[in-house]
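Spelled out, the chains give:
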Amino acid sequence: MQYNVDVQTTAAYADKYNQPCDCIYCLNYQKTFASCYPEIINILQDFGIPIERPLEVIDCYWNDAKDKRRYESYYSVKGNLLEDKLQIYAESAVITLYCSDTDIPIYGNTGMEKPYFILAITDIELPWVLPEQPID
């Protein structure tokens, strides 16, 4: 295996860096992600990652059809990653694992002590379900 995970420590991890955010973009992510990406939820659960505690959720922009918002999200995982930039899923969205010292500019602000790595989910497209609309 190209990585090992301490599922219990990952699941229990909570600090100031992964406190839930209450901005409308993060709330929309929280309300829609699980129902739109159940297969990714299963992967996150295998890692011990609580979906409601990302390090960062980035709302990027509307998709080309202007019917969904594009997102990226980042989670810290307690464990060792033997290969940097390891893509483990690439269907409806993309999951890539990054070493804590990767040379790629990703969001990695975490208080988790080494060894850990970052799980990034990109190419997420979610419908907007909140009554308050984005400002763009």
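K.L.:
Is there a simple way to explain helix α2 (residues 24–36) in this structure?
P.N.:
Because each turn of an α-helix spans 3.6 residues, side chains separated by three or four positions in sequence point in the same direction. With 13 residues, α2 should reach 18 Å at 1.5 Å per residue; the first-to-last C-alpha distance of 18 Å fits that figure. Of all the residues in α2, the buried ones are I24, C26, N28, Y29, T32 and F33. Close packing links the buried residues of α2 with α3 (38–47), β2 (56–62), β3 (69–81) and β6 (116–126).

K.L.:
Would you explain the state of the cysteines in this entry?
P.N.:
What we call a disulfide is simply a covalent bond connecting the sulfur atoms of a pair of cysteines. Tallied over the entire structure, the rule returns zero disulfides. Here C26 is not disulfide-linked; the sulfur of C23 is the nearest cysteine sulfur, at 3.6 Å. Under the relative-accessibility criterion, C26 is labelled buried at 9%. As a non-bridged cysteine, C60 has C26 as the owner of its nearest cysteine sulfur, 12 Å distant. Note on C60: relative accessible area 31%, which makes it partly exposed.

The rules we used
Residues numbered from 1 in each chain as written. Predicted model: local features only at pLDDT ≥ 70, side-chain atom pairs only at ≥ 80, totals over all residues. Heavy atoms only, no water. Helix = DSSP H or I, 4+ residues; strand = E, 2+ residues; numbered from the N terminus. Expected span 1.5 Å × (residues − 1). Buried < 20%, exposed > 50% of the residue type's maximum accessible area, 1.4 Å probe, protein only. Contact = heavy atoms within 4.5 Å. Disulfide = S-S within 2.5 Å.

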